[in-house]
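Descriptive structure summary
Each chain is listed here by its residues.
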Amino acid sequence: MSEDWQQVARDVSALLREGRRQVIAKMAGPMTVDEKTGRKDLVTNIDKSNEQFLIAGIRNMDPTAKVLGEEGFGDTLTSLDGRVWIVDPIDGTMNFVKQHDNFAMMIGIYQDGEGQLGFIYDVMNDVLYAGGPAVDGVWANDQQISAPANLALSEGLIGASAPLVVHDTAHMQKIVHDSAGMRIYGSAGIEMINVLLGKTLGYISYLKPWDIAAGQVMLNFLGVRVSTIDGQPLNMLSSNLVLVATEKAQRDILQIEEDDVSL
């Protein structure tokens, strides 16, 4: 693949737009829904076909790269050496099945472990968020996005996974209490779009590589912190309890975690 990252961004955007066209068309037809780990962890025939389509396009663009896909049509990875593409064909499958809304398509491109480009496609609103250090910016379609305000936890809304709050995992109830309020969108991609746009100041959830790869690239570029709940770098080949937050909000949340440990 050429190192012309601007061209790569255009090619991936075109691939995702064609993927969206196919997904919208298939939504009008029969949908096969299966469970993966349980009744709340779903996969459809459209998730699978879209991943196959996206990976085929990636292989055509970058035949020597490795690809990690949620539905298993890519490679088995043991490291992020070289160029790695991380694909989520439909993020928010429960929303996709139940609402036909509030879901995303996501691709992250990493070079030797460093995020270069991220793409989150809000499918039903037809807005593609794309960018990163390789192209020196982040855009929503053709409009460049500026860095969100660096708000403290008390100053803004926070996205969260409902089970974390219900079970008070990692002091989530205090984190939510100390914020201006909680919002739940049911899709990591949609959650991260809201952080990119400054509509929320953070997001906390258990996430797998394909849930966070694309968003991390763009968020980091815009100055938003992405880490484990205790402030450590993510292992991009495993699941993590992920904290996405502005610098000030991350500081506030890490202080909540630290205060508990010191008790």
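Within any chain, residue numbers begin from 1 and follow the written order of that chain's sequence. Since the coordinates come from a predicted model, pLDDT governs what is reported: local features require at least 70, and pairs of side-chain atoms require 80 or more to be given and counted, while whole-chain, interface and lining totals use all residues. Side-chain figures throughout are based on the complete set of non-hydrogen atoms in the structure, without hydrogens or water.

For the rest of this paragraph, the subject is the environment of Gly-19. For the purposes of this entry, the term helix denotes a DSSP run of H or I that reaches at least four residues, the term strand denotes a run of E that reaches at least two, and both are numbered from the N terminus. Relative to the helices and strands, Gly-19 resides in helix H1 (residues 5-27). When accessible area is computed with a 1.4 Å probe and restricted to protein chains, residues below 20% of their type maximum are described as buried, those above 50% as exposed, and intermediate ones as partly exposed. Look at Gly-19 and you get buried, because its relative accessible area is 0%. As for Gly-19 and Ile-90, which are separated by 71 residues in sequence, their C-alpha atoms are 10 Å apart. Throughout, a residue-residue contact means that at least one pair of heavy atoms, one from each residue, lies within 4.5 Å. Contact partners of Gly-19, with chain neighbours within four places excluded, come to Asn-50, Phe-53 and Met-105.

What follows is about the packing of helix H6 (residues 188-196) against helix H7 (residues 209-221). Only the stretch in contact is used when a helix axis is fitted, and all axes are lines through C-alpha atoms; the angle between N-to-C directions ranges over 0 to 180 degrees. One can describe the packing of H6 onto H7 by two numbers: an axis separation of 9 Å at closest approach and a directional angle of 10°. Here H6 lies roughly parallel to H7, going by the angle between them. In this structure, H6 contributes Ala-188, Met-192, Val-195 and Leu-196 to the contact, and H7 contributes Asp-211, Ile-212, Gly-215, Met-218 and Leu-219. Per-class residue counts for the contact of H6 with H7 are seven nonpolar, one polar and one charged. Reported orientations rely on four angle classes, namely roughly parallel under 35 degrees, roughly antiparallel over 145, roughly perpendicular from 65 to 115, and oblique for the rest. Amino acids are sorted into nonpolar (Ala, Val, Leu, Ile, Met, Phe, Trp, Tyr, Cys and Pro), charged (Asp, Glu, Lys and Arg) and polar (every other residue, Gly among them).

On to the pairing of strand E7 (residues 127-132), then. Remark: a regular strand shows side chains that alternate across the two faces of the sheet. Where burial is concerned, most of E7 is hidden: six out of the six residues are buried. Burial of E7 is two-sided: the residues Val-127, Tyr-129 and Gly-131 facing one way and the residues Leu-128, Ala-130 and Gly-132 facing the other way are all buried. As judged from the five bridges shared by strand E6 (residues 114-122) and E7, these two strands associate in the antiparallel manner. Residue pairing for E7: Phe-119 is matched across the bridge by Ala-130. Counting the residues in the hairpin turn of E6 and E7 gives four residues, including Asp-126, whose phi is positive at 55°. Only strands that DSSP links by at least two bridges are regarded as paired with each other. Across four bridges, E7 lies against strand E8 (residues 137-140) in antiparallel orientation. Bridge pairing links Tyr-129 to Ala-140 in E8. Connecting E7 to the next strand, E8, in antiparallel fashion are four residues, including Asp-136 with a positive phi near 55°.

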